[in-house]
Structures are given as C-alpha cells and as structure tokens.
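Coordinate analysis (summary)
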Amino acid sequence: MAEKLWQEGKYPAAVSEYERVMQKEQGSDLGLQAAYRAGMTEMLFLEDYTGALKKFTRIIEFSKESPLAHEAQKQIGE
C-alpha cells in the first residue's frame, strides 16, 4: 500500500503507511526498509528533515550491520 501511495505522489499518506510497517515489523529487514523509504520521502518530498533524521537514526540503532544503516549514516551526513 505504501509503495502504491508513493507512486501516486501521495507522499504524506505513503509515509504514514511506511510508519505502520515500521511499527509492525520493528527491527526486521522489512521494517528497516520501510523506515528508510519513509525517511527518504520525508527528506526529498516533504522537507521534513527532523522526521527523516529520526527514521535514519532508528535504522542505525536497530541494525548497525545492515547495509541500510550505512545508507542512513550517509544521508545524515549529507
């Protein structure tokens, strides 16, 4: 659902769906991917840098070994 909303350009609704997945799949690969997609969407399309930072930080906290943690750190640095 989140991907469909995102493709339709309904970014706030997509972020809400990604957040729902994050809560349900907390710490899993799917949950980390949802957090990353939500963070990127907030940063690039909604200009919600604080929300994006929180999601990127959450990815790093849950799984420092995940490739997404490296990407999250890169986004925080930029």
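Here the structure is shown first, and the text comes after it.
A brief report on the enclosed structure follows. Every value quoted in this text rests on a predicted model; they were computed, and no experiment measured them.

Criteria and cut-off values
- Residues numbered from 1 in each chain as written.
- Predicted model: local features only at pLDDT ≥ 70, side-chain atom pairs only at ≥ 80, totals over all residues.
- Heavy atoms only, no water.
- Helix = DSSP H or I, 4+ residues; strand = E, 2+ residues; numbered from the N terminus.
- Contact = heavy atoms within 4.5 Å.
- Salt bridge = Lys/Arg side-chain N within 4 Å of Asp/Glu carboxyl O.
- Buried < 20%, exposed > 50% of the residue type's maximum accessible area, 1.4 Å probe, protein only.
- Arc of directions from axis to C-beta.
- Polar contact = N/O pair within 3.5 Å; in protein donor to acceptor, adjacent residues only side chain to side chain.
- Axes fitted to C-alpha atoms, helices over the stretch in contact; angles between N-to-C directions.
- Left-handed = near helix turned anticlockwise from the far one by under 90°.
- Nonpolar A, V, L, I, M, F, W, Y, C, P; charged D, E, K, R; others polar.
- Core = buried A, V, L, I, M, F, W, Y, C linked by side-chain atoms within 4.5 Å.

**Overview of the overall build of the protein**
When its secondary structure is counted, the protein shows 5 helices and 0 strands. Going from N to C terminus, the protein has its helices and strands arranged as α-α-α-α-α. Of the contacts formed within the protein by residues at least 6 apart in sequence, a portion of 37% connects residues at least 24 apart.

**Here we look at the pattern of salt bridges**
Throughout the structure, instances matching the rule amount to 7 salt bridges. Across the pair lysine 55 and glutamate 42 runs a salt bridge whose closest N-O atoms are separated by 3.2 Å. Of this pair, lysine 55 sits in helix α4 (residues 49-62) while glutamate 42 sits in helix α3 (residues 29-44), and the two are 13 residues apart along the sequence. Like glutamate 42, lysine 55 is buried.

**Notes on helix α5 (residues 67-77)**
Leu68, Ala69, Ala72 and Gln75 are the residues of α5 that are buried. Along the long axis of α5, the arc covered by the buried residues comes to 120°, so they all point the same way. Every exposed residue of α5 that faces more than 90 degrees away from the buried side is listed here: Pro67, His70 and Gly77. The inward-facing, buried residues of α5 abut α3 and α4. Structurally, the start of α5 carries an N-cap: the backbone nitrogen of leucine 68 is 3.0 Å from a side-chain oxygen of serine 66.

**Section: the packing of α4 against α5**
In contact at an axis separation of 8 Å, α4 and α5 are set at 145° when each is read in the N-to-C sense. Crossing of α4 against α5: the hand is left-handed. Together, Leu53, Phe56, Thr57, Ile59 and Ile60 of α4 and Leu68, Ala69, Ala72, Gln73, Gln75 and Ile76 of α5 make up the contact between the two elements. Among the residues forming the contact of α4 with α5, the class breakdown is 8 nonpolar, 3 polar and no charged.

**Describing the nonpolar core**
Core analysis: the largest hydrophobic core is formed by 20 residues, its most contacted members being Tyr18, Tyr36, Phe56 and Ile59. Here this core takes 7 residues from α3, the largest share from any one element. When residues no more than four places from it in sequence are discounted, the contact partners of tyrosine 36 are Phe56, Ile59, Leu68, Glu71, Ala72 and Gln75.

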